[in-house]
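# A structural walkthrough
Here's the letter readout for the chains.
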Amino acid sequence: MLDFYLTATTYCLFQLTMSLNSSLLLNEENSQGPKRNPECLEGLELQTPSSFQDNPLQQLQLASQEVLEKAKKSGRSKCPRCNSSRMFYCYTCFVPVETVPTKEIPTVKLPLKIDIIKHPNETDGKSTAVHAKLLAPDDVTIYKYPCIPEYEEKRHEIALIFPGPDSVSVKDIAFHLQKYTKKSVCDNDNDCSGEPCLKQAKIEPKEEKNLNECISSNRSEGTRLKKIIFIDSTWNQTNKIITDERLQGLLQIELKTRKTCFWRHQKGKPDTYLSTIEAIYYFLVDYHQEILKENYKGQYDNLLFFFSFMYTLIKNAKCCAGKE
């Protein structure tokens, strides 16, 4: 769920990819990679994610990335707000650059609100958190620590994505949020009797079914998750944020079964430690299936619109450099 530092090997590969075309320079840094075979470079743009059998992102249902291909060829462009030279998007203003028309960038509607707490020392240009804001602008808010909201009053409807000894899986969210719920199961204005549920008179099977549905509905409403919090930082920076008193007492959720594709994966860390945009995406997929109980049909795939494009370029560069 957090973005990681570059390892030495990955850093070299990343810089190699960035040097293939100036349009890929997301930061203000200049670097040189090893010499490359011109024939390999010529065929690089023709490769697609399906060129790699082990590409876990190739099954995504994404909008056309032609706009990113064109922007890559054009090079860096200006941010329409701050006029800074950027590639694809401005990571400080959270908007596409002039060569990437907003209408050609997909938008994703999320089932709940997302707060991203960004460490002040996290490099803006290396963070994938901005992808979420660009692609789901109505549902995502990014805060720079320590300027974050107070969550205590609404902790019965908020959860924090973070691994820990007390973290739970997505499917257990509703059960664990019950302890924060202020209302009892039958304390509501609909058809449930005002009497305690255990004192109900003898009822017919059909009526019992309706009552159980009512109780289930009330429990679901009383423990409905409305907001999820993600921390955007390296693992070395995490402690300062996670120990903040404003985050204490929140239900913690861990994504244990997903593996990262992030090219900045930190050496020595489990491959289940995800980048921020991966964590958001995989959480929503699990939430859609486990909590909303609906079939997943790619509704949130476009959250990886930028991520998958960059992954492919770096994967191609690694292949070209003989690292695969």
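In this report, the structure presented in the accompanying data block is examined. (Residues numbered from 1 in each chain as written. Predicted model: local features only at pLDDT ≥ 70, side-chain atom pairs only at ≥ 80, totals over all residues. Heavy atoms only, no water.)

### Observations concerning the side chain of D301
Rules: Here a strand is any run of E in DSSP of at least two residues, a helix any run of H or I of at least four, and the numbering for each starts at the N terminus. In protein, a polar contact means a hydrogen-donor-capable atom and an acceptor-capable atom, both N or O and within 3.5 Å, with residues adjacent in sequence counting only if both atoms are side-chain atoms; elsewhere, any N or O pair within 3.5 Å suffices. Working rule for contacts: check all heavy atoms of both residues, and any pair within 4.5 Å makes them a contact.
Mapped onto the fold, D301 is located in the loop between α8 (276-290) and α9 (305-320). Polar contacts involving the side chain of D301 include one to the main-chain amide nitrogen of Q61, which spans 2.8 Å. Ignoring anything within four residues of it in the chain, the contact list for D301 reads Q59, L60, Q61, L62, Y281 and Y296.

### Focus on helix α3 (residues 66-74)
Just so we agree on the cut-off: Classification of residues uses two cut-offs on accessible area relative to the type maximum, computed with a 1.4 Å probe and protein chains only: under 20% is buried, over 50% is exposed, and between them is partly exposed. In this description, the arc belongs to the directions extending from the helix axis to the C-beta atoms.
Taken together, the buried positions of α3 are V67, L68, A71 and K72. Projected down its long axis, α3 carries its buried residues within an arc of 140 degrees, all on one side. What points out from α3, more than 90 degrees from its buried face, is the exposed set K73 and S74. Residues of α3 that are buried sit in contact with α9. One or two residues past the end of α3 sits G75, with phi positive at roughly 95 degrees.

### Thoughts on unusual backbone geometry
Following Y145, the chain continues to P146 via a peptide bond in cis, the omega torsion being 15 degrees. Topologically, P146 is positioned in the loop between β6 (140-144) and β7 (158-161). Positive phi, normally seen in glycine, also occurs at F88, with a value near 75 degrees. Within the secondary structure, F88 sits in the loop between β2 (85-86) and β3 (89-90).

### Some details on the pairing of strand β5 (residues 113-118)
For a regular strand, side chains alternate in direction, first toward one face of the sheet and then toward the other. Heads up, the rule is: Strands qualify as paired when DSSP identifies two bridges or more between them. By convention, a crossover is right-handed whenever its connection, traced from the first strand over the helix to the second and viewed with the strands pointing away, goes clockwise.
The element β5 is extensively covered by neighbouring structure, given that 5 of its 6 residues are classed as buried. As paired elements, β5 and strand β8 (residues 227-232) share 6 bridges and run parallel to each other. Note on β8: the bridge partner recorded for I114 is I228. Across 5 bridges, β5 lies against β6 in parallel orientation. Across the sheet, K118 pairs through a bridge with K144, a residue of β6. For the segment spanning β5, helix α4 (residues 129-135) and β6, crossover handedness is right-handed.

### Some points on the packing of aromatic side chains
Selection criterion: Ring pairs shown here join Phe, Tyr and Trp side chains whose ring centres sit within 6.5 Å, with only the six-membered ring taken for Trp; geometry is labelled stacked below 30 degrees between planes, edge-to-face above 60, and tilted in between. Look at NZ for Lys and CZ for Arg. If either is within 6 Å of the ring centre and within 35 degrees of the ring normal, a charge sits over the ring.
Counted under the stated rule, the structure contains 7 aromatic pairs. An angle of 80 degrees between the planes, with centres 5.3 Å apart, marks the rings of F305 and F306 as edge-to-face. In this structure F306 comes out as buried when scored by relative accessible area, which is 2%. Clustering of aromatic rings is evident, with ring pairs tying together Y89, F305 and F306. Taking NZ or CZ as reference, R86 lies 4.2 Å from the ring centre of Y91, over its face.

### Some thoughts on the sheet that holds β8
Quick note on the threshold: Axis definition: a line fit to C-alpha positions, over the contact stretch in the case of helices; interaxial angles, taken between N-to-C directions, run 0 to 180 degrees.
One open sheet accounts for 5 strands, arranged β6-β5-β8-β7-β9; its pairing is parallel. One side of each edge strand has no neighbouring strand; the edge strands of this open sheet are β6 and β9 (251-253). Mean inter-strand twist for the sheet, computed between neighbouring axes without regard to direction, equals 30 degrees. Two elements, β7 and β8, share 3 bridges in a ladder whose sense is parallel. When the sheet's bridge partners are listed, A159 is paired in β8 with I228. α8 rests against β5, β7, β8 and β9 of the sheet, and its axis sits at about 155 degrees to β8.

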